[in-house]
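This is what each chain is made of:
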Amino acid sequence: MLSVHGRKPAKVFVEPIARVLLRCRVEPNTMTVVSAAAAIIIAVTLIPAGYLVWAAVLTGLFSAFDMVDGTMARLRGGGTRFGATLDASCDRITDGALFAAITWWLIYSYAAPRPLVAASLGVLVLSQVISYIKARGEASGMAMVGGLIERPERLIIALGGLGLQGLGVAYAIDVTIWLLLIGSAFTVWQRFRIAASSPLATSSIAAPEGA
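Residues numbered from 1 in each chain as written. Predicted model: local features only at pLDDT ≥ 70, side-chain atom pairs only at ≥ 80, totals over all residues. Heavy atoms only, no water.

With respect to the overall build of the chain
Next up, step 1: When helices and strands are tallied, the chain shows nine helices and zero strands.
Next up, step 2: The order of helices and strands in the chain, counted from the N terminus, is α-α-α-α-α-α-α-α-α.
Next up, step 3: For the chain, the C-alpha radius of gyration of 18 Å lies close to 17 Å, the compact-globule estimate for 211 residues.
Next up, step 4: For the chain, the spread of C-alpha atoms along the principal axes amounts to about 50 × 45 × 35 Å.
Next up, step 5: The buried share of the chain, taken over its 211 residues, is 41%.
Next up, step 6: The long-range share in the chain, meaning contacts at least 24 apart out of those at least 6 apart in sequence, stands at 79%.
Next up, step 7: For the chain, the accessible surface area stands at approximately 11,800 Å², while carbon and sulfur atoms represent 68% of it.
Next up, step 8: Each charge sign in the chain was given a centre, from 17 positive and 12 negative side chains, and these centres are 4 Å apart. (Helix = DSSP H or I, 4+ residues; strand = E, 2+ residues; numbered from the N terminus. Rg over C-alpha atoms; globule rule 2.2 N^0.38 Å. Buried < 20%, exposed > 50% of the residue type's maximum accessible area, 1.4 Å probe, protein only. Contact = heavy atoms within 4.5 Å. Areas by Shrake-Rupley, 256 points an atom, 1.4 Å probe, with all protein chains shown as cover. Lys, Arg positive; Asp, Glu negative; His and termini not counted. Charge placed at Lys NZ, Arg CZ, Asp CG, Glu CD.)

Below, the structure is given as structure tokens:
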């Protein structure tokens, strides 16, 4: 939802940053890689070490730069196909690192019960599936707009729960993981419904090469 409705309010803050970076001759693809690498390093080092509040704040900060690279590309007159592929791939790696780090912390520091660990792994998998359905549908020419738990909502809920747990709010991470699991499963169903209802859903496609 926020990926559709949240970009216009964020534009006020993101555009000035993007313009400054372009004046400094920073490439959008460089910004993509740097922000993703920083978010990954923060997640896999701070979360397992138990610095949950710092992990939530810093991961959120660098994840917010996900909007900057796209804005930079737009201000330059448009992005490239490689840039879009790089951006989407970095998002998937960043999400995977975040939920892998959370799962690690649940197992080794939180002594989480097995159902909660399984739910966390489920969120990790579903977060990738949600994005894949959209990417595959758009590659087939279908409009794949919307969904209850898209990447912005997923990050806000996950990092919010992580930060609250770090501040001492009991069971904040438990509630967060189960909320994300249910919401993500629903979003997968939503995305399949969007694809199935597309005018192109029943269009024939060529057989893969070598078939």
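Re helix α8 (residues 151–166)
Count 3.6 residues to each turn of an α-helix, and residues three or four apart come out pointing the same way.
Next up, step 1: Between its terminal C-alpha atoms α8 stretches 22 Å, which fits the 22 Å expected from 16 residues at 1.5 Å a residue.
Next up, step 2: Residues Arg-151, Glu-153, Arg-154, Leu-155, Ala-158, Leu-159, Gly-161, Leu-162, Gly-163 and Gln-165 constitute the buried set of α8.
Next up, step 3: Phi turns positive, to about 100 degrees, at Gly-168, one or two residues after α8. (Expected span 1.5 Å × (residues − 1).)

With respect to the UniProt feature "active site" (unreviewed entry) in the chain
Next up, step 1: The UniProt record marks Asp-91 with the feature "active site" (unreviewed entry), using the residue numbering of this structure.
Next up, step 2: Exposure remark for Asp-91: the relative accessible area of 10% places this residue in the buried category.
Next up, step 3: Dropping the residues within four chain positions of it, Asp-91 is found in contact with Asp-66 and Arg-151. (UniProt positions renumbered as here; feature names shortened; annotations may be inferred.)

Comments concerning the packing of aromatic side chains
Next up, step 1: A complete count under the given rule lists three aromatic pairs for this structure.
Next up, step 2: Ring plane angle 45 degrees and centroid distance 4.7 Å describe the contact between Trp-104 and Tyr-108, whose orientation is recorded as tilted. Residue Trp-104 and its partner Tyr-108 are located together in helix α6 (residues 81–108), separated by four residues, close to a single helical turn.
Next up, step 3: The exposure class assigned to Tyr-108 is exposed, which follows from its relative accessible area of 58%. (Phe/Tyr/Trp six-rings, centres within 6.5 Å; stacked < 30°, edge-to-face > 60°.)

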